[in-house]
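Here is what each chain is made of, one letter per residue.
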Amino acid sequence: MARVPHRLEWVVLLLGATIILSSCKTETKSPVPPGKLPSGAPAPVRNTAEAPEGGWCVEDGAGSRLVSLEPLGDGFNLCGPEGKSQGQVVVKDDKVELMEQKQLALKVKAKDDGCKLHDGQDQVLIEVKRKDNGYLVKDAADKEIGRIKAKDAGAYKIYDAGGAEIGKIKPKDSGLELEDPSDKRLYRVKGKLPARAGAFWGIHGLSDQQKVALSVYFSKWE
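Let me begin by describing the structure that accompanies this report.

Calculation notes
Residues numbered from 1 in each chain as written. Predicted model: local features only at pLDDT ≥ 70, side-chain atom pairs only at ≥ 80, totals over all residues. Heavy atoms only, no water. Helix = DSSP H or I, 4+ residues; strand = E, 2+ residues; numbered from the N terminus. Buried < 20%, exposed > 50% of the residue type's maximum accessible area, 1.4 Å probe, protein only. Contact = heavy atoms within 4.5 Å. Areas by Shrake-Rupley, 256 points an atom, 1.4 Å probe, with all protein chains shown as cover. Salt bridge = Lys/Arg side-chain N within 4 Å of Asp/Glu carboxyl O. Polar contact = N/O pair within 3.5 Å; in protein donor to acceptor, adjacent residues only side chain to side chain. Phe/Tyr/Trp six-rings, centres within 6.5 Å; stacked < 30°, edge-to-face > 60°. Lys NZ or Arg CZ within 6 Å of the ring centre and 35° of its normal. 1 Å grid on protein atoms, 1.4 Å probe; cavity = no way out; pocket = protein on both sides within 12 Å on 5 of 7 lines; lining within 4 Å. Points joined across faces, edges and corners; volume = space filled by probe spheres on them. Nonpolar A, V, L, I, M, F, W, Y, C, P; charged D, E, K, R; others polar. Expected span 1.5 Å × (residues − 1). Pairing = 2+ DSSP bridges.

### Observations concerning the overall build of the protein chain
When helices and strands are counted, the protein chain shows three helices and 14 strands. Looking at the protein chain residue by residue over its 222 residues, the buried ones come to 36%. For the protein chain, the share of sequence-separated contacts (at least 6 apart) that also reach a separation of at least 24 residues comes to 32%. A total of about 13,500 Å² of accessible surface is found on the protein chain, and carbon and sulfur atoms cover 52% of it.

### Things to note about the environment of K102
Within the secondary structure, K102 is located in the loop between β5 (95-100) and β6 (103-111). For K102, a relative accessible area of 76% corresponds to the exposed category. A C-alpha to C-alpha distance of 8.3 Å links K102 and Q88, two positions 14 residues apart in sequence.

### Quick word on the pattern of salt bridges
On inspection of all chains with the given rule, the structure shows 14 salt bridges. Close ionic contact of K95 with E97 constitutes a salt bridge, the shortest N to O distance being 3.6 Å. The salt bridge partner of R147 is E144, with a shortest N-O separation of 2.9 Å. For R147, a relative accessible area of 23% corresponds to the partly exposed category.

### A short note on the side chain of H118
Looking at the secondary structure, you find H118 in strand β7 (residues 114-119). A distance of 3.3 Å separates a polar atom in the side chain of H118 from the backbone oxygen of D122. Setting aside its immediate chain neighbours within four residues, H118 contacts A105, L106, K107, Q123, V124 and L125.

### Thoughts on the packing of aromatic side chains
Under the counting rule described, the total for this entry stands at five aromatic pairs. When the ring of Y217 is compared with that of F218, the centres are 5.3 Å apart and the planes differ by 70°; the resulting orientation is edge-to-face. Here the two residues Y217 and F218 agree in accessibility, since each one is buried. Here K149 stacks its cationic end above the ring of Y159, 5.4 Å away from the centre of that ring.

### Brief notes about empty space enclosed by the protein
Rolled over the atoms, a probe with the dimensions of a water molecule shows which regions are left empty. Under the defined criterion, the tally for this structure stands at one cavity of 30 Å³ or more. Along the walls of the largest cavity sit K131, D132, Y135, R147, I148 and K149, which together make up its complete lining. No other element matches the three residues that strand β10 (residues 144-150) contributes to the lining of the largest cavity. Here the residues of the lining of the largest cavity are counted per class, giving two nonpolar, no polar and four charged.

### A closer look at the environment of K172
For K172, the location among the structural elements is in strand β12 (residues 165-172). Separated by 23 residues in sequence, K172 and A195 have C-alpha atoms that sit 9.8 Å apart.

### A closer look at helix α3 (residues 208-220)
The first and last C-alpha atoms of α3 sit 19 Å apart over 13 residues, in line with the 18 Å expected at 1.5 Å per residue. Taken together, the buried positions of α3 are Q210, K211, V212, A213, L214, S215, V216, Y217 and F218.

### Side note on the environment of K92
Counting through the fold element by element, K92 comes out in the loop between β4 (85-91) and β5. Put simply, K92 and K109 are 17 residues apart on the chain and 9.6 Å apart in space, counted from C-alpha to C-alpha. Within the local environment of K92, its side chain forms a polar contact with the side chain of E97, the two groups lying 3.3 Å apart.

### Some words on the pairing of strand β1 (residues 56-60)
In summary, the side chains of a regular strand alternate between the two faces of the sheet. Burial within β1 is extensive, with four of its five residues counted as buried. Bridging between β1 and strand β14 (residues 185-191) involves five bridges; their strand directions are antiparallel. What sits directly across from W56, in β14, is G191. For β1 and strand β2 (residues 65-72), the ladder comprises four bridges, and the chain directions are antiparallel. Bridge pairing links V58 to V67 in β2. Connecting β1 to the antiparallel partner β2 that follows it, the hairpin turn spans four residues, and G63 within it adopts a positive phi of roughly 95°.

Set out below in structure tokens:
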């Protein structure tokens, strides 16, 4: 005749069965693959601007480096001629911010007909408006300081406030080159940057920091 287990043995048997069942459930549960969201989880919030794909630098006509931008998070580390950091450029939903020593120095913000560049106190310094097949650039006093016009083969021409041609910026294998009307090199951009963005390096009256902020903005929008 089979022996009936004692009360203590029943407890041990029940605990063992519980552990086995729990283990089976853990093994049969489908893990969430890396980069995938569990069913019912909210979608992550993403910026409408794409993250920078690569860095670029600007040289003068003689080949001396003026600035360089190295990818850093959702923006760039801005370096001077000697490679020393001068601040960070942050790309956001509808604007670009240039930070110096963790303080806002410049901001380019989208508008219906172009964009505006503000200083750290939110004062407008530069306004860029779409005009015909290019852009009209104006200063804080609403005075025109230059124009950018699209030409053939992805090139753009830059004009001063009086309408005189400053030069032409065109794509090259290694980036962009801005040449004056006599084909003398004024600037060279090494790296991936659209010609419409690099064209701001030919506008007189803009600081290098302002050119950087506008170049980054126009490389992401417009």
